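# Breakdown of the fold
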Amino acid sequence: MASCATSFLTILPNTQVNHVTLSTISTYTPLKRNIQTSIGNGRNQGYCLRTKVKMSAEADVLAKVSTTSESVDDNSDFGVVSMHHVGLLCENLERSLDFYQNLLGLQINEARPHDKLPYRGAWLWVGSEMIHLMELPNPDPYTGRPEHGGRDRHTCIAIRDVSKLKAILDKAGIPYTLSRSGRPAIFTRDPDTNALEFTQVDC
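Residues numbered from 1 in each chain as written. Predicted model: local features only at pLDDT ≥ 70, side-chain atom pairs only at ≥ 80, totals over all residues. Heavy atoms only, no water.

## With respect to the overall build of the protein
Rules: Comment: elements are numbered from the N terminus, with helices defined as DSSP H or I runs of at least four residues and strands as E runs of at least two. Each residue is placed in one exposure class: buried if its accessible area under a 1.4 Å probe, protein chains only, is under 20% of its type's maximum, exposed if it is over 50%, and partly exposed if it falls in between. Contacts between residues were defined by any pair of non-hydrogen atoms, one from each residue, lying within 4.5 Å.
What the protein contains, in helices and strands, is three helices and eleven strands. In sequence order, the protein lays out its α and β elements as β-β-β-β-α-β-α-β-β-β-α-β-β-β. In the protein, buried positions account for 33% of the 203 residues. Considering only contacts in the protein between residues 6 or more positions apart, those separated by 24 or more positions represent 56%.

What follows is the structure, given as structure tokens:
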């Protein structure tokens, strides 16, 4: 009876082989190929390739694995790292800074250039990422927006306690809606009707 081997091969974007594990089974299996994609955080994107091949000799197995690995396209990995910033339009920078700084407590990133741009603006830290406020005529209408910000274009900020933010919005008289799915998340709008989602995460 012919023997067959199952090989498991992990191929990183630079096509270097991490490991190959061969296990011999006693039944013959026709040639089958199944490519599974494993997506990480963008920096460590790799491909998990599982190939069942008929084994007549070790050299034949290695040749088949080599041929199969060449078909994996790694040219699409351009190095996604994380979200860098979100740009939001505002009609009055001071009014928006009062909301984002004084109400939400975000800090300005003084290192980001704003005096070299042909419009006023500010960069605000959101963890390790930023919101870029740009004082420009706002193309979005103030009226006719969806009542629930989750149905509109929105920026989502991860926070530790939705109930504390809810109390802050209540005190300031700012309207909001809660997540329709029941998860701990709250939706509101800034003074220019930009929709904001705050979702609770475990830290």
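## A word on the packing of aromatic side chains
Filter applied, for reference: A pair of aromatic rings is counted whenever rings of Phe, Tyr or Trp (Trp by its six-membered ring) have centres within 6.5 Å, and the orientation is called stacked for planes under 30 degrees apart, edge-to-face for over 60 and tilted otherwise. Placement of a positive charge over a ring is assigned whenever Lys NZ or Arg CZ falls within 6 Å of the ring centre and within 35 degrees of the normal to the ring plane.
Within the structure shown, the criterion is met by one aromatic pair. Seen in terms of ring centroids, Phe-99 and Tyr-100 are 5.0 Å apart; in terms of plane orientation they differ by 85°. Their pairing is edge-to-face. Assessed through its relative accessible area of 0%, Tyr-100 is described here as buried. Sitting over the ring of Trp-123, Arg-112 keeps its end group 4.2 Å from the ring centre.

## Points about the nonpolar core
Heads up, the condition is: Throughout, nonpolar core names a set of buried Ala, Val, Leu, Ile, Met, Phe, Trp, Tyr and Cys residues whose side chains join them through atoms within 4.5 Å.
Ranked by size, the top nonpolar core spans 22 residues in total, and within it Tyr-100, Leu-104, Ile-131, Leu-133 and Phe-198 carry the most contacts. Among the elements of the structure, β5 (85-90), α2 (93-103), β6 (121-126), β7 (129-135), β8 (154-159), α3 (162-172) and β11 (195-200) are those that each provide at least two residues to this core. The element best represented in this core is α2, accounting for four residues. Those residues in contact with Phe-198 that lie beyond four places of it in its chain are Leu-104, Ile-157, Ile-159, Val-162, Leu-165, Pro-184, Ala-185, Ile-186 and Thr-188.

## Topic: the side chain of Thr-155
Along the chain, Thr-155 turns up in strand β8. If near-sequence neighbours (up to four positions away) are discounted, Thr-155 is found in contact with Val-86, Leu-88, Ala-195, Leu-196 and Glu-197.

## Brief notes about the sheet that holds β5
How we decide: When DSSP finds two or more bridges between two strands, those strands count as paired. Whenever a helix is involved, its axis is fitted only over the stretch in contact; in every case the axis is a line through C-alpha atoms, and angles between N-to-C directions fall within 0 to 180 degrees.
Pairing is mixed in the open sheet, where three strands are placed in the order β5-β7-β6. Among the strands making up the open sheet, the edge pair consists of β5 and β6. Looking at each pair of strands side by side, their axes are set apart by 20° on average, direction ignored.

## Considering the layout of surface pockets
Where empty space is left becomes clear once a probe the size of a water molecule has been rolled over the atoms. Definition in use: Buriedness of a pocket was judged along seven lines, with at least five required to meet protein on both sides within 12 Å; pockets are open sets of points on a 1 Å grid over the protein atoms alone, cavities are sets where a 1.4 Å probe fits but cannot get out, and lining residues have an atom within 4 Å of a point. Grid points are joined across faces, edges and corners, and a volume is the space filled by probe spheres set on the points. When residues are grouped by polarity, Ala, Val, Leu, Ile, Met, Phe, Trp, Tyr, Cys and Pro land in nonpolar, Asp, Glu, Lys and Arg in charged, and all others, Gly among them, in polar.
One number sums up the size of the largest pocket: a volume of about 620 Å³. When contributions to the lining of the largest pocket are tallied by element, the ones reaching two or more residues are β7, β8 and α3. The element contributing the most residues to the lining of the largest pocket is β8, with five residues. Broken down by class, the residue content of the lining of the largest pocket amounts to 17 nonpolar, three polar and four charged.

## Comments concerning the confidence of the model for the protein
Stated precisely, the cut-off is as follows: Each residue carries a pLDDT score, the predictor's confidence in it, ranging from 0 to 100.
Looking at the protein, pLDDT values average 76 and 64% of them are 70 or higher. Scored below 50 in pLDDT, residues 61-69 shows 13 contacts in the model against residues more than four places distant or in partner chains.

## Some details on the pairing of β7
Counting buried positions over the seven residues of β7 gives six, a clear majority of the element. Direction of pairing for β5 relative to β7: parallel, over a ladder of six bridges. For His-85, the partnering residue across the bridge sits in β7 and is Met-130. The hairpin formed by β6 and β7 contains two residues between the paired strands, and Gly-127 there has a positive phi angle of roughly 65°.

## Remarks on the sheet that holds β11
Taken together, the four strands give an open sheet; going across it, the order is β8-β11-β10-β9, and neighbouring strands pair in mixed fashion. Edge positions in the open sheet fall to β8 and β9 (176-178), since each of these has one partner strand only. On average, each strand axis in the sheet is inclined to that of its neighbour by 20°, with strand direction left out of account. Sheet analysis places β9 next to strand β10 (residues 185-189), joined by three bridges and oriented antiparallel. If you follow Thr-177 over to β10, its bridge partner there is Phe-187. Lying over the sheet, α3 contacts β8, β9, β10 and β11, oriented at roughly 30° with respect to β10.

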